[in-house]
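A look at the structure
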Amino acid sequence: RKEVEQDPGPFNVPEGATVAFNCTYSNSASQSFFWYRQDCRKEPKLLMSVYSSGNEDGRFTAQLNRASQYISLLIRDSKLSDSATYLCVVTTGGGFKTIFGAGTRLFVKA
Amino acid sequence: DVKVTQSSRYLVKRTGEKVFLECVQDMDHENMFWYRQDPGLGLRLIYFSYDVKMKEKGDIPEGYSVSREKKERFSLILESASTNQTSMYLCASRLLAGYNQETQYFGPGTRLLVL
């Protein structure tokens, strides 16, 4: 079993749609969680951290469920510019070990 | 803004050549990382460094070595390039490990083709 698992997609959605991604992690001692975004042929960039109480940044909402060991990302009112690969990232070992999921591809179409 | 730069965006080498990939960060970060990214496999950690002259093996260190003589610079060396090392190589830096400090900042990547 992979330490961090994501549905690779692709998710094909129309503009304005709401789309959600989940990511599961295997180590119950994981301590920090993030979503990164990677555009085609570009480097990954931090989208948002995921806090225990859940957090929102504009159209993006991240949730953490420690009991079930998954994190989620919800994108509301999708834009064409949201088309990218979304990477789930988990840290363990006191923050010393960082594990990247393989990513979920999103295509937003007009 | 944190800036991480890599010496080359594209590189073509022949099997058996020694290859140097350089990474420089300008924000006095303690930690630096080298990953490779392949379709369907995501980012895999090759080596990382917590501080100058310190290095730790990641998940796939075979065929690679690293050097960190200065805080801002982390070099990845392919001792004898092979075709299965054709990949996208990404360097990253991080202020330090610890709760709420783990954001990694990536360079633009180097696409290496080994013929």
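The structure we're discussing is the one just above.
Described in the following lines is the structure provided in the data block. (Residues numbered from 1 in each chain as written. Chains lettered and ligands numbered in written order. Predicted model: local features only at pLDDT ≥ 70, side-chain atom pairs only at ≥ 80, totals over all residues. Heavy atoms only, no water.)

This brings us to the interface of chain A and chain B. Counting residues at the interface gives 19 residues for chain A, matched by 22 residues for chain B. Buried area between chain A and chain B, both sides added, is near 1,700 Å², and the carbon and sulfur share of it is 51%. Linking chain A with chain B are zero salt bridges. Here chain A and chain B share four residue pairs in polar contact (both at pLDDT 80 or more) between them. Among the secondary structure elements, those contributing two or more residues to the side of chain A that touches chain B are strand S4 (32-38), strand S5 (44-50), strand S9 (84-92) and strand S10 (97-100) of chain A. Examining the composition of the side of chain A that touches chain B, we find that four residues originate from one element, S4(A), more than from any other. (Contact = heavy atoms within 4.5 Å. Buried area = accessible area lost by both parts, 1.4 Å probe. Salt bridge = Lys/Arg side-chain N within 4 Å of Asp/Glu carboxyl O. Polar contact = N/O pair within 3.5 Å; in protein donor to acceptor, adjacent residues only side chain to side chain. Helix = DSSP H or I, 4+ residues; strand = E, 2+ residues; numbered from the N terminus.)

On to the state of the cysteines. Residues and elements named next belong to chain B. Using the criterion set out here, one finds two disulfides over all chains in the structure. Disulfide partner of Cys23: Cys91, at an S-S distance of 1.9 Å. On the sign convention where negative is left-handed, the bridge of Cys23 and Cys91, at about -75° about the S-S bond, is left-handed. Of this pair, Cys23 sits in strand S3 (residues 19-25) while Cys91 is found in strand S9 (residues 87-94), placing the two residues 68 residues apart along the sequence. Comparing Cys23 with Cys91 shows no difference in burial state: the two are buried. (Disulfide = S-S within 2.5 Å. Buried < 20%, exposed > 50% of the residue type's maximum accessible area, 1.4 Å probe, protein only.)

On to the sheet that holds strand S3 (residues 19-25) of chain A. The strands making up a sheet are joined through hydrogen bonds of the backbone, oriented either antiparallel or parallel. All names here are of chain A. Spatial strand order, S1-S3-S8-S7-S6: five strands in an open sheet with antiparallel pairing. Lying at the two open borders of the sheet, with one neighbouring strand each, are strand S1 (4-6) and strand S6 (55-57). Neighbour to neighbour, the strand axes of the sheet diverge by 20° on average, direction disregarded. (Pairing = 2+ DSSP bridges. Axes fitted to C-alpha atoms, helices over the stretch in contact; angles between N-to-C directions.)

It is worth spelling out the pairing of S3(A) at this point. Residues and elements named next belong to chain A. Burial of S3 is one-sided: the residues Val19, Phe21, Cys23 and Tyr25 facing one way are buried, the residues Ala20, Asn22 and Thr24 facing the other way are not. Direction of pairing for S1 relative to S3: antiparallel, over a ladder of three bridges. Within the sheet, the bridge partner assigned to Gln6 lies in S3 and is Cys23.

With 24 residues, the main nonpolar core has A:Phe21, A:Trp35, A:Ile71, A:Leu73, A:Ile75, A:Tyr86 and A:Leu106 as its most contacted residues. Breaking this core down by element, the ones donating at least two residues are S3, S4, S5, strand S7 (60-65), strand S8 (70-75), S9 and strand S11 (104-109) of chain A. Non-local contacts of A:Phe21, meaning those with residues more than four positions away in its chain, are made with A:Phe11, A:Trp35, A:Ile71, A:Ser72, A:Leu73, A:Ile75, A:Tyr86, A:Thr104 and A:Leu106. Of all hydrophobic cores here, the second largest spans 20 residues; its members include B:Leu11, B:Met32, B:Ile60 and B:Tyr89. (Core = buried A, V, L, I, M, F, W, Y, C linked by side-chain atoms within 4.5 Å.)

On to the side chain of B:Gln37, then. Looking at the secondary structure, you find B:Gln37 in strand S4 (residues 31-38). A polar contact of 2.8 Å, which involves the side chain of B:Gln37, links it to the side chain of A:Gln38. In this view, B:Gln37 contacts A:Gln38, B:Gly42, B:Leu43, B:Ser87, B:Met88 and B:Leu90; residues no more than four positions away in its chain are not counted.

A separate point is a nonpolar patch on the surface. Residues B:Val12, B:Leu113 and B:Leu115 make up a contiguous nonpolar surface patch of about 260 Å² in total accessible area. As for its placement among the helices and strands, B:Val12 is situated in strand S2 (residues 10-13). (Patch = residues over 30% accessible without salt bridge, like charges linked within 9 Å, V, L, I, M, F, W, Y side chains within 5 Å. Areas by Shrake-Rupley, 256 points an atom, 1.4 Å probe, with all protein chains shown as cover.)

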